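Per-entry structural report
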Amino acid sequence: MVFYAIFVTYDDNANAKLQNNETNPMENSLYRDYPFFADVQVMIFIGFGCLLAFFRFYGFSGMVFNFLTATFSIQWAILIQGFFQFFYDGKIHLGVINLLNAEFACAVVLISFGAVLGKTSPVQLLVMALLEIPVFAVTEWAVLKYIRINDAGGSILIHLFACYFGLGVTFVLYRPGLNDGHAKETTSYQSDILSVMGTLFLWVFWPSFNSALTLKGDDQHRAILHTFIGLSSSTMTAFALSAVFNRRGKLTMADIQNVTLAGGVTVGASVDMMISPVAAYGLGIMGCTACFFGYKYLTPFIARHLRIQDQCGIHNLHGLTGLISSTAGICAILLANEETYGPSMYQIFSHRAPPLGDPKLLELQKLIPGLKPGLGRTAQEQALYQVAAIFSTIAASTVGGLLTGLVIKLPFMASPTDEDCFDDGLFFDMPSDFESVAIKTTKSCDEKGEMNSNV
Amino acid sequence: MVFYAIFVTYDDNANAKLQNNETNPMENSLYRDYPFFADVQVMIFIGFGCLLAFFRFYGFSGMVFNFLTATFSIQWAILIQGFFQFFYDGKIHLGVINLLNAEFACAVVLISFGAVLGKTSPVQLLVMALLEIPVFAVTEWAVLKYIRINDAGGSILIHLFACYFGLGVTFVLYRPGLNDGHAKETTSYQSDILSVMGTLFLWVFWPSFNSALTLKGDDQHRAILHTFIGLSSSTMTAFALSAVFNRRGKLTMADIQNVTLAGGVTVGASVDMMISPVAAYGLGIMGCTACFFGYKYLTPFIARHLRIQDQCGIHNLHGLTGLISSTAGICAILLANEETYGPSMYQIFSHRAPPLGDPKLLELQKLIPGLKPGLGRTAQEQALYQVAAIFSTIAASTVGGLLTGLVIKLPFMASPTDEDCFDDGLFFDMPSDFESVAIKTTKSCDEKGEMNSNV
Amino acid sequence: MVFYAIFVTYDDNANAKLQNNETNPMENSLYRDYPFFADVQVMIFIGFGCLLAFFRFYGFSGMVFNFLTATFSIQWAILIQGFFQFFYDGKIHLGVINLLNAEFACAVVLISFGAVLGKTSPVQLLVMALLEIPVFAVTEWAVLKYIRINDAGGSILIHLFACYFGLGVTFVLYRPGLNDGHAKETTSYQSDILSVMGTLFLWVFWPSFNSALTLKGDDQHRAILHTFIGLSSSTMTAFALSAVFNRRGKLTMADIQNVTLAGGVTVGASVDMMISPVAAYGLGIMGCTACFFGYKYLTPFIARHLRIQDQCGIHNLHGLTGLISSTAGICAILLANEETYGPSMYQIFSHRAPPLGDPKLLELQKLIPGLKPGLGRTAQEQALYQVAAIFSTIAASTVGGLLTGLVIKLPFMASPTDEDCFDDGLFFDMPSDFESVAIKTTKSCDEKGEMNSNV
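Residues numbered from 1 in each chain as written. Chains lettered and ligands numbered in written order. Predicted model: local features only at pLDDT ≥ 70, side-chain atom pairs only at ≥ 80, totals over all residues. Heavy atoms only, no water.

An unreviewed UniProt entry lists chain A under the name Putative ammonium transporter Rh type B-like, with Scophthalmus maximus given as the organism. Heading Subcellular location (unreviewed entry) of the UniProt record for chain A holds this comment: "Cell membrane". (UniProt positions renumbered as here; feature names shortened; annotations may be inferred.)

A word on the overall build of chain A
Looking only at helices and strands, chain A has 17 helices and 3 strands in total. Sequence-distant contacts, at least 24 apart, represent 79% of the contacts inside chain A between residues at least 6 apart. In the structure as shown, chain A presents an accessible area of about 15,000 Å², 64% of it carried by carbon and sulfur atoms. (Helix = DSSP H or I, 4+ residues; strand = E, 2+ residues; numbered from the N terminus. Contact = heavy atoms within 4.5 Å. Areas by Shrake-Rupley, 256 points an atom, 1.4 Å probe, with all protein chains shown as cover.)

Regarding the interface of chain A and chain B
At the junction of the two partners, chain A supplies 64 residues and chain B supplies 64 residues. For the pair chain A and chain B, the summed buried area comes to about 5,300 Å², and 73% of that belongs to carbon and sulfur atoms. Area buried by chain A at its contact with chain B is led by A:Tyr189, A:His221 and A:Phe228, which between them contribute 14% of it. One can count 0 salt bridges joining chain A with chain B. Along the contact surface separating chain A from chain B lie 12 residue pairs in polar contact (both at pLDDT 80 or more). Where the side of chain A that touches chain B is concerned, the elements lending two or more residues are helix H2 (30-51), helix H7 (189-211), helix H8 (218-245), helix H9 (253-258), helix H11 (277-305), helix H13 (338-341), helix H15 (359-367) and helix H17 (432-448) of chain A. Considering every element that reaches the side of chain A that touches chain B, the biggest residue donor is H8(A), with 14 residues. Its residues placed into classes, the side of chain A that touches chain B shows 32 nonpolar, 19 polar and 13 charged. (Buried area = accessible area lost by both parts, 1.4 Å probe. Salt bridge = Lys/Arg side-chain N within 4 Å of Asp/Glu carboxyl O. Polar contact = N/O pair within 3.5 Å; in protein donor to acceptor, adjacent residues only side chain to side chain. Nonpolar A, V, L, I, M, F, W, Y, C, P; charged D, E, K, R; others polar.)

Topic: the packing of helix H4 (residues 96-115) of chain A against helix H6 (residues 155-172) of chain A
Residue and element names in this part refer to chain A. Taken N-terminus to C-terminus, the directions of H4 and H6 make an angle of 35°; their axes are 8 Å apart at the nearest point. Every pair of crossing elements has a handedness; the one defined by H4 and H6 is right-handed. For the pair H4 and H6, the contacting residues are Phe 104, Val 108, Ile 111, Ser 112 and Ala 115 in the first and Leu 157, Ile 158, His 159, Phe 161, Ala 162, Phe 165, Gly 166 and Thr 170 in the second. The residue inventory of the contact of H4 with H6, partitioned by class, reads 9 nonpolar, 4 polar and no charged. (Axes fitted to C-alpha atoms, helices over the stretch in contact; angles between N-to-C directions. Left-handed = near helix turned anticlockwise from the far one by under 90°.)

Focus: the environment of A:Phe54
Residues and elements named next belong to chain A. Its place among the elements puts Phe 54 in the loop between H2 and helix H3 (59-85). On the basis of relative accessible area, Phe 54 is assigned to the buried category, the value being 5%. In the structure, Phe 54 is positioned 132 residues away from Thr 186 in sequence and 8.4 Å away in space, judged by C-alpha atoms. (Buried < 20%, exposed > 50% of the residue type's maximum accessible area, 1.4 Å probe, protein only.)

A few points about the relation of the copies chain A and chain B
Aligned on chain B, chain A shows an RMSD of 0.0 Å; the corresponding rotation is 120° and the shift along the axis is 0.0 Å. Such values leave the two copies arranged in the relation of a three-fold axis. A different interface surface on each copy is seen, since only 6% of the contact residues of chain A are contact residues in chain B too. (Least-squares fit on C-alpha atoms with pLDDT ≥ 70 in both.)

A word on the environment of A:Lys360
Residues and elements named next belong to chain A. Tracing the chain through its elements places Lys 360 in helix H15. In this view, Lys 360 contacts Glu 338, Tyr 346 and Pro 354; residues no more than four positions away in its chain are not counted. Here Glu 338 takes part through its side chain, which lies 3.0 Å from a polar atom of the side chain of Lys 360.

Looking at the relation of the copies chain B and chain C
Once turned by 120° and shifted 0.0 Å along the axis, chain B lies on chain C with an RMSD of 0.0 Å. Here only 6% of the contact residues of chain B are again contact residues in chain C; the copies associate through non-equivalent surfaces.

Describing the interface of chain B and chain C
Between chain B and chain C, the contact holds 65 residues from the first and 64 residues from the second. Between chain B and chain C, roughly 5,300 Å² of surface is buried when both sides are summed, and carbon and sulfur atoms account for 73% of that area. On the chain B side of the contact with chain C, B:Tyr189, B:His221 and B:Phe228 bury the most area, a combined 14% of that side's loss. In this structure, the connection of chain B to chain C is made through 0 salt bridges. At the surface where chain B touches chain C, the tally comes to 12 residue pairs in polar contact (both at pLDDT 80 or more). Broken down by secondary-structure element, the contributors of at least two residues to the side of chain B that touches chain C are helix H2 (30-51), helix H7 (189-211), helix H8 (218-245), helix H9 (253-258), helix H11 (277-305), helix H13 (338-341), helix H15 (359-367) and helix H17 (432-448) of chain B. Here the side of chain B that touches chain C gets 14 residues from one element, more than from any other, and that element is H8(B).

Things to note about the side chain of B:Thr237
Along the chain, B:Thr237 turns up in helix H8. Dropping the residues within four chain positions of it, B:Thr237 is found in contact with B:Ile285, B:Cys288 and B:Thr289.

Let's talk about the environment of C:Pro122
Residue and element names in this part refer to chain C. Looking at the element boundaries, Pro 122 is found in helix H5 (residues 122-147). Using a relative accessible area of 17% as the deciding quantity, one classes Pro 122 as buried. In this structure, the C-alpha to C-alpha distance between Pro 122 and Met 413, residues 291 residues apart in sequence, is 9.2 Å. When residues no more than four places from it in sequence are discounted, the contact partners of Pro 122 are Phe 65, Leu 68 and Phe 427.

What to know about the pairing of strand S3 (residues 91-94) of chain B
Strand direction decides the pairing type here: strand S2 (residues 87-88) of chain B and S3(B), joined by 2 bridges, are antiparallel. Counterpart to B:Phe87 in the pairing with S3(B) is B:Ile92. (Pairing = 2+ DSSP bridges.)

Notes on helix H5 (residues 122-147) of chain A
Taking 1.5 Å as the rise per residue, H5(A) with 26 residues should run 38 Å; its terminal C-alpha atoms sit 35 Å apart, in good agreement. At the exit of H5(A) stands A:Arg148, carrying a positive phi of roughly 60°. (Expected span 1.5 Å × (residues − 1).)

Side note on the packing of aromatic side chains
What the rule picks out here adds up to 78 aromatic pairs over all chains. Measuring from centroid to centroid gives 4.5 Å for B:Trp203 and C:Phe45, while their planes differ by 40°, and the two rings are tilted. Of the two residues, B:Trp203 sits in helix H7 while C:Phe45 sits in helix H2 (residues 30-51), which places them in two different chains. For the pair C:Phe245 and C:Phe292, a centre-to-centre distance of 6.0 Å together with 50° between the ring planes defines the contact as tilted. Of the two residues, C:Phe245 sits in helix H8 (residues 218-245) while C:Phe292 sits in helix H11 (residues 277-305), which places them 47 residues apart along the sequence. Cluster of aromatic residues (ring-pair linked, three or more members): A:Tyr34, A:Phe37, A:Phe45, A:Phe67, C:Phe36, C:Trp203, C:Phe228 and C:Phe239. The positively charged end of B:Arg377 is found above the aromatic ring belonging to B:Tyr385, 3.6 Å away from the centroid. (Phe/Tyr/Trp six-rings, centres within 6.5 Å; stacked < 30°, edge-to-face > 60°. Lys NZ or Arg CZ within 6 Å of the ring centre and 35° of its normal.)

Structure (structure tokens):
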């Protein structure tokens, strides 16, 4: 709160003093950003909240800790990102655009949260958010300001960062006692339905997520089309794979809850480019396939051999797909030329625009008024910068995650014991119908010896 | 995917090459269409998904097969409708408007799905979608291109088509063994609540559905008002009828889940016309009454005597109301005159505009710049064309439905046995709490001999 | 319906006749109001519906009676508010803006509903809505037309009015038999999750609620920022207080469902003013603290000593916070000056604008074209009028609530007996799994003697 008092003020679009007789109220940036902000809000609070409530005895915690962590992360990100991106005249200038950026930082924390779901106390989650946001903000600022990449859907900065940060944390928090699963690590009929609802909210609003920070106009239009196509193709693929590779051709709810979303991540890095609809379709299929087999083989493998217990399989849904997406982004950059894009290529790939003083810049500015001077990079140069960004993001997030893991493993962080994992009863006053159900089921689970080891 | 590779490209609003120095990014068609597209997405994936999850042991299937069928239908409709409506220069030109049209085709499939809910395997559903979309696209194209009707809310093309197609399919799939109900054809407390949530999502966003394809401006404004009024009046009527006609004045959840929505369909065909708010109010009451008594008397009747097992009662919610709506649309067309509408009558009823070369056209174009030449039809002529459209839509959909039913009845379609109907266990790996509940309840249901025969 | 027939017609933005060659369809007021209308619709029907379904055996009633009451209230409010605000040429002129206003009136009824949840029949609720809407509309009209206040977020007119009206009703409906709680006054695991979903929907769309009726442009921008900040800070505070003040540091779901929302109310009265982000942050904390301790101490106190059984604690979430908000609004008015606001101060505080004929008005109109003449009030005068509005609103609502309580206590209103309270079985045909669960749990509750007296 003290930070808000000292540093935060309104940006120009929210400051009454700066409105004058040439200001058309309907051209306020609000009307450009708010619809996308609202959609992302639904994703963060309702989509993620329902999706993370998939455990049978951990539904309160999944949904409520998501709420708590998200609220804290957004406030904290407004401050931290504010210092790096919206700080001038000694103040952070606040508008809906800041909130939107903060929501993206918040999504990063929530993805990382998925790796340790069920094994962390709310205090640990808040400390994780407290540390992850600055690491993310610095990485974001460094990559965007110095490496200068194209990453409209955030495949590199959001998904890869979040994934490797989360894996770093969970590596440190390794619990050998949970290697053979946990009696309460199970779903119920209602919790699975709730989780599918969360998936559907994410699915429906993902086009807004991927397109919120693109250029307006045709770029945003393409971003929405590509995300929709990518999600559709990955959904179809997920159903097909789930039916073919599971026992007796039955579908697994965990696949439907997670793998269907892979396409949204995979189109991310090239979402605003002219990659053609069929490429988005193919990316959806590739991402979904990688994600599906990741859940099937890679997650158990890294849990057993690398001591990384990735609870929600974020490495499949965000890591593998993020890598595919980044690679596709690099290909799209290498293939970009003026023939396909026309002069607006220099808007989308703004770093390829001629630098200030270049006569070609003036020529282009006749075609596109307001084109900003760039760095005059070639496609190959830009591709190399993308590669650099990928590696430095992964490095920063892994190191950050490991250090954060060490901090939240400290004894006074109230980490739950192995036995208390996946149990709402530790953190909440439970309604009277909870305990009886829990005991009964745990018993019958023990008897049958059935439990899901990876959901 | 191959089709996407060969045929699909961007439309002008999503093509970077066609943006030039006169293009204002904020005037991209995206910002006109996307908000309505997002609302319809919520209806399709979340509204329908929750609504169809009302069976106690078929909640996974209701929600997940809705997801699968919807995703497939939209992709397929983009291609098929693309060929008929957006095909030039050897390519389908893709924009958000195509997705919006495809969502409407998808709604058609999902309504038909309601007739066979619980009795079909996912393979059968996909084949149904595979066949229904082309029949729909051809009918839509023929009716809009040759008969040329006014049907902004899709009462004829969406609701009537979907209803009679679905009835055709279910007629062929007649299961005599289910005539006396099924032990699992029942709801639970949680599934009923989930289904009401679905209803509420449909209710809230229905104004967007009915107005998405109208002309912009006052037409869309009226469409939203009429839909809202129609839904409100049908909701009040549904509550009143449910309380009065059920045993001991108790409300039935099935009425609240379905009958409340009748008004949204009934205002459809005349939704953008100057029918006055009170007419929308009256249409809501009429549609709701027809729908309610349809559920009470007609559905059991056609199940017993016509061998049509209409699982969700789509004939009541979409058929009867669609017929009322079409009739009301014809009345509204007959009553339309320049006194009420002013010159913009020739925009709404575009086929009544004078043909090219008529001096009256030039006069009108002074009042309404950009008015397109029409066919010079009179109100009576237009009304007759509407009648023709109604009959040809019903004919095409019934025949299409019957043929589709024959195809999906083929032995290799993995149709579930009578006993396995309404049971998620056939298609999903179920969580451990499912089986025990199912067995227990089925037993107690058998003992009591209680089951709902029409929900 | 008769009223609709006689009195309701379209407003200028929905009337085809009034569109001419200077009308740009995209400038129709629809596109300004509809997005906010849709957001508020989600809050009313889905947010409130889920939130009020928190009782274990009263989920159907909570959600469905919310649906019924909301639909009825909106229709009724369109007529009643129409007569007071949109009546000219002998007709009520209807546009989306009327629906938006009616939704606010509907929110008033639903808040009051919270005070008597579980103890009233649907007939009583409809009569309550029937009487509350006119009292509200008259109060709103009198306060806005004669006292002329600033209250963009409706803290005074919506929250204070609704709270004291509801308390008046519940005072008359006092049931001494429920003083020691009721066996069915309890939640379940699923109902608590559903209720949190309702809270999240309200949380996510609250910025739209608070900003829907502000001036467009920077005012609306600030309203959204303040509401978001207020909600965030109150959410953090609610979690902290819940963990600190409950037994063994456990969180209580009722706190998370209600107290987190306090910030949205608290910023209401000053939501569009230049109060600075930190003030919004502080207001969120203050409102949340008052609300939390209200639930803990005040609700039991007024139930025992003042015979006011406030079922959902609306006095905490809307009354206390509304008072804080109104006070903050007065402070913000007293602090407002041209230095902070620039000349647009006379738009926000329109009653402080110079009256017609004042030379200063002409001067200001050069800076802000279209500035309307005001009343030339000073800040102190405006503050006094705000105080007057607060007291007259509380007086009108309390008297209205008491009288309404007397009416719905009449014997033929089918009020449920004490025993039948909080039980869906009284009003609904229940699914077969309901009764058994209910009996079993009630018994075990009785044995344990555990029940929540205030949720």
